[in-house]
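# Structural overview for review
Residue-level listing of the chains:
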Amino acid sequence: MPVNIIKKFAAAICLLATSLLSCKLDETPYSNIYTETFYKTQQDAEAALAAVYTALADMYNGPSPLLIADLSADQVYPRPVVGRDTYTLFSYDQDYTAVRSYSRTMESPVDLWNNCYKGIEAANWVLEKVPGTKMDAERKKQIIAEAQYMRAWFHWMLSKNFRDVVVRTHPSKVLEDAYEPKTERNGVYQQIYKDLDSAIAGLPDYSAAWPKGRPSKQVAQALYAKAALYNENWDIALQKANEVLNSGKYQLMPDVLDVYNVAKEDVARQENMWAFEAESSLPSRASQIMALYGPPNSNGPAYGKSSFGSMFAYQSFFDSFDPADKRRQLLDTFYMDRQGKVVNQANITPVTKQGVLVKKYMDPNSIVGAHAVNIPLIRLADVYLIAAEAAARQAGPDALAYNNINTVRARAGLPALSGLSKEAFISAVLQERSWELFAEGDRWYDLTRTNTFMQVIPQAVNDVFPTRNPQPKHRYFPIPLSEINANQKLEQNPDWK
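Quick summary incoming for the structure in this document. (Residues numbered from 1 in each chain as written. Predicted model: local features only at pLDDT ≥ 70, side-chain atom pairs only at ≥ 80, totals over all residues. Heavy atoms only, no water.)

## Some details on the packing of helix α10 (residues 217–230) against helix α15 (residues 380–395)
Note the threshold: Simply put, an axis is a line fit to the C-alpha atoms, just over the touching stretch for a helix, and the angle between two N-to-C directions goes from 0 to 180 degrees. Only DSSP runs of H or I with at least four residues qualify as helices, and only runs of E with at least two residues qualify as strands; both kinds are numbered from the N terminus onward. Every angle not falling under 35 degrees, over 145, or within 65 to 115 is termed oblique; those three ranges are roughly parallel, roughly antiparallel and roughly perpendicular. For any helix crossing, the convention is left-handed if the near helix is rotated counterclockwise from the far helix by under a right angle, and right-handed if that rotation is clockwise. Between two residues, a contact is recorded if the distance between any of their heavy atoms is within 4.5 Å. In this classification, Asp, Glu, Lys and Arg are treated as charged, Ala, Val, Leu, Ile, Met, Phe, Trp, Tyr, Cys and Pro as nonpolar, and every other residue, Gly included, as polar.
For the pair α10 and α15, interaxial distance at closest approach is 10 Å and the crossing angle is 40°. Between α10 and α15, the interaxial angle falls into the category oblique. By crossing handedness, the relation of α10 to α15 is classed as left-handed. Within the contact between the two elements, α10 uses Ala 222, Ala 225, Lys 226 and Leu 229 and α15 uses Asp 382, Val 383, Ile 386, Glu 389 and Ala 390. Its residues assigned to classes, the contact of α10 with α15 comprises 6 nonpolar, no polar and 3 charged.

Below you can see the structure in the form of structure tokens.
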């Protein structure tokens, strides 16, 4: 767990105890105070697991995983506001000064770092204590597997953003436990694989009865495939992707637009394998993403009851779609206001005449800015494309690789590909990923894992951001300076020193 977070909790406990005794910050973290009397019953175990998922919800409430990635890439851009445009302009420093001074919500890599380690810490307590809890044996097995999956997911999120990170596999019982050095990237992935092997062994196959928002066995296999793709273990990526596809437990929605239709989210789980399950009831675990993408002050019949007009798609990205591509309908160059009047592209936003609206997160029945449309985390379409790329990376595209990419293209209404060279096929897969997964926090990592961001990003410009100049150091975010200062064993990423 991050040192500064442990100190904050410890300090809070000290304040509560000052009238009774003195308290030293270097002795016992907050979590150790209740763990000896907790984890006695199944209810305790379920509550402990819920704390793991809470860290995920805290991340997507902002939602920092979408903002820091998508605003860095070549598909969408923000209304120019200091704090958000630092990602688009790559103007952040080691302390994320502009972001921290602007944002009152979770939009920073600092929040991502802290929430990932809060989730890992919570998972570590589950994995240490739940095995000794008196409860139903099958449910115990599942809880342990869910915690292993979540620990893998948090470590993966950290590594794809910061590269070499601290691997945490035991809870912090004394403050000194928090002082750990970084693990080299491949070592992080080996721990991810280890956790996912255990998760796969303990998680059930997907069924409609499995609680929403919880990973199934096939979700763990899909994350395994994607992590292996990022680590360039092509054989593992292909094997795990095929395990998902051959299981028959999930299938693509016939209409790609229904994947994002809030009224069809229950049936859409056949493709949305794992998602952040947003709720529009207040108070609830919601997200700002609908309000950010909707037109300014719309209160319209389609996008939601309240939206800000804070994020738009590049015109060049919109133009990259074949007009026959059904996925282009998830973007728009006009909208209907609350009086039923058509607002054309020139008036969508005052910052540019070429604003393009993103329609993946609309909820006409939202409560103010709180929406119920789910945010995809792992989709079956992604797994098809992982399988296609991993196969081609090894020996060039074979018939199955073509079938996998063409399955996604057929659903979009596009013709099948054939006869491409290895390099051209891989480029086609990466382009297909861009069209299929846009605005889902994915594209930036495709550009950084392939180290093509410095060639691609300078071309993604418009009259709002006419110049964008990423540097090699921007392939990964700097480790938060507050953590560097708190942990003497933690070193900054080499390009940021």
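So, next bit.
## Brief notes about the environment of Val 110
Residue placement: Val 110 occurs in helix α7 (residues 109–129). Residues Val 110 and Pro 480 lie 370 residues apart in sequence; the distance between their C-alpha atoms is 5.8 Å. Leaving out residues up to four positions away in the same chain, Val 110 has contacts with Tyr 96, Arg 100 and Pro 480.

## Some remarks on α7
Defined as follows: Multiplying one less than the number of residues by 1.5 Å gives the expected span of a helix. Between buried and exposed lies partly exposed: a residue is buried under 20% and exposed over 50% of the maximum accessible area for its type, with that area taken using a 1.4 Å probe on protein chains only. Within 3.5 Å is the distance limit for a polar contact, defined as a pair of N or O atoms, with the added protein rule that one can donate a hydrogen and the other accept it, and that residues adjacent in sequence qualify only through two side-chain atoms.
Helix length check: α7 (21 residues) gives 30 Å between terminal C-alpha atoms against 30 Å at 1.5 Å per residue, within 8%. When you tally the buried positions in α7, you get 17 out of 21 residues, the bulk of the element. The N-cap residue of α7 is Ser 108: its side-chain oxygen and the backbone nitrogen of Val 110 are 2.9 Å apart.

## Regarding the packing of α10 against helix α11 (residues 234–247)
Helix-helix packing is described using two parameters, namely the angle between the two axes and the distance between the axes. Remark: α10 packs on α11, axes separated minimally by 7 Å, with the N-to-C direction vectors making an angle of 155°. One way to sum up the angle between α10 and α11 is to call them roughly antiparallel. The two elements α10 and α11 meet at a crossing, and its hand is left-handed. Along the contact surface, α10 presents Gln 218, Gln 221, Ala 222, Tyr 224, Ala 225, Ala 228 and Leu 229, while α11 presents Trp 234, Ile 236, Ala 237, Lys 240, Ala 241, Glu 243, Val 244 and Ser 247. Grouping the constituent residues of the contact of α10 with α11 by class yields 10 nonpolar, 3 polar and 2 charged.

## Focus: the side chain of Glu 265
With respect to the helices and strands, Glu 265 occurs in helix α12 (residues 265–268). Ignoring any residue separated from it by four or fewer positions in sequence, one finds Glu 265 in contact with Ala 372, Val 373 and Asn 374.

## Some details on the pairing of strand β2 (residues 272–276)
The condition is simple: In this description, strands pair whenever DSSP reports at least two bridges between them.
Taken across its 5 residues, β2 has 5 buried, putting it largely inside the fold. Bridge count for β2 against strand β8 (residues 375–379) is 4 bridges, and the pairing is antiparallel. Looking at β8, one finds that Trp 274 is bridged to Ile 378.

## Examining the nonpolar core
Put simply, the rule is: For the purposes of this section, nonpolar cores are sets of buried Ala, Val, Leu, Ile, Met, Phe, Trp, Tyr and Cys residues that join through side-chain atoms within 4.5 Å.
Tyr 60, Tyr 149, Trp 153 and Phe 154 are the most contacted members of the largest nonpolar core, which has 153 residues in total. Among the elements that make up this core, the one with the highest residue count is helix α8 (residues 137–162) (13 residues). Among all residues touching Tyr 60, those that are not within four sequence positions of it are Pro 65, Leu 66, Trp 153, Met 157, Phe 276, Ala 286, Ser 287, Ile 375 and Leu 377.

## Some thoughts on helix α16 (residues 399–412)
Residues three or four positions apart in an α-helix share a direction because the helix packs 3.6 residues into each turn. We count it as follows: Two axes are fitted around each residue, one to the seven residues ending there and one to the seven starting there, and the angle between them is reported as the bend at that residue.
The first and last C-alpha atoms of α16 sit 20 Å apart over 14 residues, in line with the 20 Å expected at 1.5 Å per residue. By the largest-angle criterion, Asn 406 marks the main kink of α16, which is about 25°. Looking at the buried residues of α16, the elements they touch are α11, β8, α15 and α17 (422–436). Gly 413 lies just past α16 and shows a positive phi near 90°.

## What about the side chain of Asp 382?
Positionally, Asp 382 belongs in helix α15. Beyond its immediate chain neighbours, meaning those up to four positions away, Asp 382 contacts Lys 226, Arg 433, Leu 437 and Asp 442.

## Notes on unusual backbone geometry
The omega angle of the peptide bond from Gly 62 to Pro 63 is 0°, so this bond is cis rather than trans. Mapped onto the elements, Pro 63 comes out in the loop between α3 (42–61) and α4 (64–70). Its identity is not glycine, yet Tyr 39 carries a phi of approximately 60°, on the positive side. Within the fold, Tyr 39 resides in the loop between α2 (31–35) and α3. Residue Tyr 96 is not a glycine yet carries a positive backbone phi of 50°.

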